[in-house]
Amino acid sequence: MKAVMKIELTGRQEQIIDIVKNSGPITGEQIAEKLSLTRATLRPDLAILTMSGFLDARPRVGYFYTGKTGSQLLTEKVKQITVQEYQSIPVVVNQSSSVYDAICTMFLEDVGTLFVVDEYSTLIGVLSRKDLLRTSLGKQDLEAVPVSIIMTRMPNITVCQKDDLIIDVAQKLIDKQIDALPVVKEVDRGTKVEVIGRLTKTNITKVLVDLAYDELI
């Protein structure tokens, strides 16, 4: 019968396990900081804990307790990602712009959604491809029709803020069946909002790709 060797952990190694359990994934530098030690001092302990199976490590992610499944770790990571990490530059048009100008802007900027602002850069509306296509199918003079006539107006616009979680905004995109949300900040005591970015389905796809290639730190 093969004997099973029991590994006796030192007090410091048990501390490391507790830290990783509560804060993982976590880097070696962060563990050392919590223990007020240097990374070099902890290197033997981390090696022992990793080789013995108590911990596991992934490049550019850090150490994690093996009691957690991969799906649990992934879920935790996704729920920490905020809009500001992936938002894009917004493309805006003035409310006095014509539908023709908006179509040209959408084509040149290669976007699917335009945000309409007033003279104070306050968000007042949103234009989608469908809005512009619907209008262009008629017999109207597109250069004479202002975008303010066909846009979706506030407060019927779904927005998000830079500190919102990506997963929550992704759910909004699904629920509303839209391609993009304006990222806004409140101005004028919260009665109005200014567009500071956009969050699109492409941004959400980039999150997925970065997760697959371990690009998220």
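The residue numbers shown here count from 1 along each chain, following its written sequence. Given that the model is predicted, a residue must reach a pLDDT of at least 70 before its local features are reported, and side-chain atom pairs must reach 80 or more before they are shown or counted; all residues, however, enter totals for whole chains, interfaces and linings. The basis for every side-chain value is the complete set of heavy atoms in the structure, and neither hydrogens nor water enter the calculation.

K.L.:
Help me out: how do you make sense of the side chain of Asp-131 in this one?
P.N.:
Only runs of H or I of at least four residues qualify as helices and only runs of E of at least two qualify as strands under DSSP, and these elements are numbered from the N terminus. Along the chain, the position of Asp-131 falls in helix α6 (residues 129–136). Accessibility here uses a 1.4 Å probe with only protein chains present; expressed as a share of the type maximum, an area under 20% marks a residue as buried, one over 50% as exposed, and anything in between as partly exposed. Residue Asp-131 is classed as buried on the basis of its relative accessible area of 10%. For this analysis, a polar contact is any N or O atom pair within 3.5 Å, provided that within protein one partner can donate a hydrogen and the other can accept it, and provided that sequence-adjacent residues contribute only side-chain to side-chain pairs. One polar contact links the side chain of Asp-131 to the main-chain amide nitrogen of Ser-128, over a distance of 3.0 Å. The criterion used for residue contact is that any of the two residues' heavy atoms lie within 4.5 Å. Once you skip the residues sitting within four places of it in the chain, Asp-131 turns out to touch Val-126, Ile-150 and Thr-152.

K.L.:
Could you clarify how one ought to interpret the sheet that holds strand β4 (residues 113–117) in this entry?
P.N.:
Across a sheet, paired strands are connected by hydrogen bonds in the backbone, their directions being either parallel or antiparallel. Whether two strands pair comes down to DSSP finding at least two bridges between them. Taking strand neighbours across the sheet as the criterion, the four strands line up as β3-β4-β5-β6 in an open arrangement whose pairing is mixed. Either end of the sheet is taken by a strand with one partner, and the two such strands are β3 (92–94) and β6 (152–153). Where β4 lies against strand β5 (residues 123–128), five bridges are found, and the strand directions are antiparallel. From the neighbouring strand, Thr-113 faces β5, where its bridge partner is Ser-128. On the sheet, α6 packs against β5 and β6 and is oriented at approximately 70° with respect to β5. Geometry is summarised by axes, namely lines fitted to C-alpha atoms with helices restricted to the contacting stretch, and by angles between N-to-C directions that run from 0 to 180 degrees.

K.L.:
Explanation requested: the confidence of the model for the protein in the structure shown.
P.N.:
Any region with low pLDDT has predicted coordinates that should not be read closely. pLDDT expresses how confident the predictor is about each individual residue, on a scale running from 0 to 100. Averaged over all residues, the pLDDT of the protein equals 88, while 91% of them reach at least 70. The low-confidence segment residues 1–5, where pLDDT is below 50, has zero contacts with residues more than four positions distant or belonging to other chains.

K.L.:
Before we go on, may I ask you to explain the pairing of β4 in this structure?
P.N.:
Remark: a regular strand shows side chains that alternate across the two faces of the sheet. Judged by how many residues are buried, β4 sits mostly within the fold: five of five residues are covered. Because side chains alternate across β4, one face comprises the buried residues Thr-113, Phe-115 and Val-117, and the other comprises Leu-114 and Val-116, equally buried. Across three bridges, β3 lies against β4 in parallel orientation. Directly across from Asn-94, in β4, lies its bridge partner Val-117. A crossover gets the label right-handed when its path from the first strand over the helix to the second runs clockwise, viewed with the strands pointing away from the viewer. The parallel pair β3 and β4 is bridged by helix α5 (residues 99–109), and the resulting crossover is right-handed. From the end of β4 to the start of β5, which pair antiparallel, there are five residues, and Ser-121 there has a positive phi angle of about 65°.

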